[in-house]
Amino acid sequence: MRGLYIALEGPEGSGKTTQLRRLAARLRQRGLEVVEVREPGSTALGEQVRALLEDPAHGDMTAEAEALLFAAARAQLLRCVVRPALEQGRVVLSDRCVYASLAYQGYGRGLGEEVVRRVNEVATGGLLPDLVVLLDLPVEEGLVRDAGKSRSGGDRIGQEAVEFHRRVREGYLRLSREDRRIRVVRADDDPDRVAEQVWEAVRPLVEGCREAP
Ligand code: TMP
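**Q** How would you sum up the overall build of the protein? Please name residues and give values.
**A** Within the protein one finds eight helices and five strands. Overall, the protein shows an N-to-C arrangement of helices and strands of β-α-β-α-α-β-α-α-β-α-α-β-α. Seen through its C-alpha atoms, the protein measures out along the principal axes to roughly 55 × 35 × 35 Å. When each of the 213 residues of the protein is scored for burial, the buried share is 49%. A fraction of 81% describes how many contacts in the protein between residues 6 or more apart in sequence connect residues 24 or more apart. Summing over all exposed atoms, the protein offers an accessible surface of approximately 10,500 Å²; the carbon and sulfur share of this is 49%. Between the averaged position of the 33 positive side-chain charges in the protein and that of its 35 negative side-chain charges there is a distance of 3 Å.

What follows is the structure, encoded as structure tokens:
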């Protein structure tokens, strides 16, 4: 049986990492085997690529190089972790996925959706999440929330101008209007209520899966 591939997405400060943990716990309670991953990362190579991407010392990184580095980390993760887990019937919960590249590099950096899709064709080999939960909130609110967190590696992209983050959010919303895999959940709400909305989006996919005794 093929497993399930679910990704959480959203602009900076959308709370997706917290929501991912809560969702993982809920799925495990139902007796499902869950593998949590993050992009970029969750492989030795991917974590090193993440450090490169976050390092403010690389302020001159071109948009093309950036897109290719995200895709390289993705190629490693999908081939070495995600595909094997799905083949074993597990639920893969991913903190970001290829849709982040479409939003950040495609719209934020202005490379365009088409170029980013092409760059990622080899990286994904056509494997896309069954469901992408997009945690949406106003950009300013997300950036304020994020300012309170200390992040490793310097966070080169998070420090971009607010205009950049607006393009990213608009990109996500535009993608959500055209792509039925994406379910938008309002993230500027109480975390418990957000968790319920996330669960409502995920539930139909896991319905029928084995319940914990
Ligand atoms: P994180 O904040 O979810 O850990 O993600 C790391 C940063 O990398 C965040 O600013 C979003 C950005 N990013 C991209 O620009 N493109 C991508 O393909 C991915 C996966 C993340």
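**Q** Could you give an account of the side chain of Asp136, with specific residues and numbers?
**A** With respect to the helices, strands and loops of the structure, Asp136 is situated in strand 4 (residues 131-136). Since its relative accessible area comes to 10%, Asp136 is described here as buried. A polar contact of 2.7 Å, which involves the side chain of Asp136, links it to the side chain of Arg169. Sequence-distant contacts of Asp136, that is, excluding residues within four places in its chain, are made with Arg169, Leu173, Val184, Val185, Arg186, Ala187 and Asp188.

**Q** Residue-level account of helix 3 (residues 63-87), with values.
**A** Compared with the 36 Å implied by 1.5 Å per residue over 25 residues, the 34 Å span of helix 3 between its first and last C-alpha is a close match. At Leu78, helix 3 shows its largest kink, close to 45°. Looking only at helix 3, the buried set comprises Ala63, Glu66, Ala67, Phe70, Ala71, Ala73, Arg74, Leu77, Leu78, Val82, Ala85 and Leu86. Looking at the residues trailing helix 3, positive phi occurs at Gly89, about 80°.

**Q** Give a detailed account of the packing of aromatic side chains, specifying residues and quantitative values.
**A** Considering all chains together, one arrives at two aromatic pairs under this definition. The interplanar angle of 55° and the centroid separation of 6.1 Å between the aromatic rings of Tyr104 and Phe164 together place this pair among those described as tilted. Here Phe164 lies in helix 7 (residues 162-178) and Tyr104 lies in helix 4 (residues 98-108), a separation of 60 residues in the sequence. The buried category is assigned to Tyr104, whose relative accessible area is 6%. Taken together, a centroid distance of 6.2 Å and an interplanar angle of 85° make the contact between Tyr104 and Tyr172 edge-to-face. Here the residue Tyr104 occupies a position in helix 4, and Tyr172 occupies one in helix 7, the gap between them amounting to 68 residues. An aromatic cluster is built from Tyr104, Phe164 and Tyr172, whose rings are joined through pairwise contacts.

Basis of the calculations
- Residues numbered from 1 in each chain as written.
- Predicted model: local features only at pLDDT ≥ 70, side-chain atom pairs only at ≥ 80, totals over all residues.
- Heavy atoms only, no water.
- Helix = DSSP H or I, 4+ residues; strand = E, 2+ residues; numbered from the N terminus.
- Buried < 20%, exposed > 50% of the residue type's maximum accessible area, 1.4 Å probe, protein only.
- Contact = heavy atoms within 4.5 Å.
- Areas by Shrake-Rupley, 256 points an atom, 1.4 Å probe, with all protein chains shown as cover.
- Lys, Arg positive; Asp, Glu negative; His and termini not counted.
- Charge placed at Lys NZ, Arg CZ, Asp CG, Glu CD.
- Polar contact = N/O pair within 3.5 Å; in protein donor to acceptor, adjacent residues only side chain to side chain.
- Expected span 1.5 Å × (residues − 1).
- Bend = angle between axes of the 7 residues up to and from the residue.
- Phe/Tyr/Trp six-rings, centres within 6.5 Å; stacked < 30°, edge-to-face > 60°.

Keep in mind these numbers describe shape, not what the thing actually does.
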